[in-house]
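The chain contents come next:
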Amino acid sequence: MGARDYLVKGKATGELLVRSIKYAIERQRLTTALREEIRTKTLVLSTATHELKTPLTSIVGYVDRLLLNQEQIGPLNERQSRYLETVQKNARRLGALVDDLVDVSRIEAGSLELSLVDLDVLQEVREVIQVMGHQINEKQLNLGLMTK
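All figures in this text were calculated on a predicted structure; none of them were measured in a lab.

What follows is about the pattern of salt bridges. All chains considered together, the criterion is met by five salt bridges. Between R29 and E26 there is a salt bridge whose closest N-O contact spans 2.6 Å. Residue R29 and its partner E26 are both found in helix α1 (residues 13-68); the two are separated by three residues, about one turn of the helix. A salt bridge links K53 to D99; the shortest N-O distance between them is 2.4 Å. In this pair, K53 sits in helix α1 while D99 sits in helix α3 (residues 78-109), placing the two residues 46 residues apart along the sequence. Owing to a relative accessible area of 34%, K53 belongs among the partly exposed residues under this scheme. Judged by relative accessible area, which is 34%, D99 ranks as partly exposed.

What follows is the structure, given as structure tokens:
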């Protein structure tokens, strides 16, 4: 309460004790509420990632079968192949995002060990450009990639 809520030293020890107890109780209540919120968020995150992963695995599996088993299902024309490859790439990107959410849950639970790996940034940028190619062309954007 600031300047209006001060205690004179030595004269209000009982009031100070009461305020300290109230503060400790409020702090404990907030800590308990925060723990419950974190537990609920982790549960929602875990459920959501599981529910997303199941249909996504099916989508990736069927697209892979369509692209790799054309002798069994029949040939695809160039446009169909290109569309399926786009679906495949985006489904895998979505899968990576879901995996990232799973990692967040593991980090919060303290059960994730990280290992550093080299990343080919140029290749990553090329893949993003390829995936976004349709939108880039649709908006008539000029996008160039300069390398050394």
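Moving on to the packing of α1 against α3. One can describe the packing of α1 onto α3 by two numbers: an axis separation of 9 Å at closest approach and a directional angle of 155 degrees. Regarding the angle of α1 to α3, the classification is roughly antiparallel. The crossing of α1 and α3 is left-handed. Of the residues belonging to the contact of α1 with α3, the class tally is 16 nonpolar, seven polar and seven charged.

What counts and how
Residue indices follow the written sequence of each chain, beginning from 1 at its first position. The predicted nature of this model means local features are confined to residues of pLDDT at least 70 and side-chain atom pairs, given and counted, to a pLDDT of 80 or more, with totals for whole chains, interfaces and linings taken over all residues. Values reported for side chains reflect all heavy atoms of the structure, with hydrogen atoms and water molecules removed beforehand. Counted as salt bridges are all cases of a side-chain nitrogen of Lys or Arg within 4 Å of a carboxyl oxygen of Asp or Glu. Put simply, DSSP H or I for four residues or longer makes a helix, DSSP E for two residues or longer makes a strand, and each gets a number counted from the N terminus. Remark: exposure states derive from per-residue accessible area (1.4 Å probe, protein chains only) relative to the maximum for the residue type, with buried under 20%, exposed over 50%, and partly exposed in between. To obtain each axis, a line is fitted to C-alpha atoms, and for helices this fit is confined to the stretch in contact; angles are then taken between N-to-C directions over 0 to 180 degrees. An angle counts as roughly parallel when it lies under 35 degrees, as roughly antiparallel when it exceeds 145, as roughly perpendicular when it falls between 65 and 115, and as oblique in every other case. By convention the crossing between two helices is left-handed if the near helix lies anticlockwise of the far one by an angle smaller than a right angle, and right-handed if it lies clockwise. Only Asp, Glu, Lys and Arg are considered charged, only Ala, Val, Leu, Ile, Met, Phe, Trp, Tyr, Cys and Pro nonpolar, and every remaining residue, Gly among them, polar.

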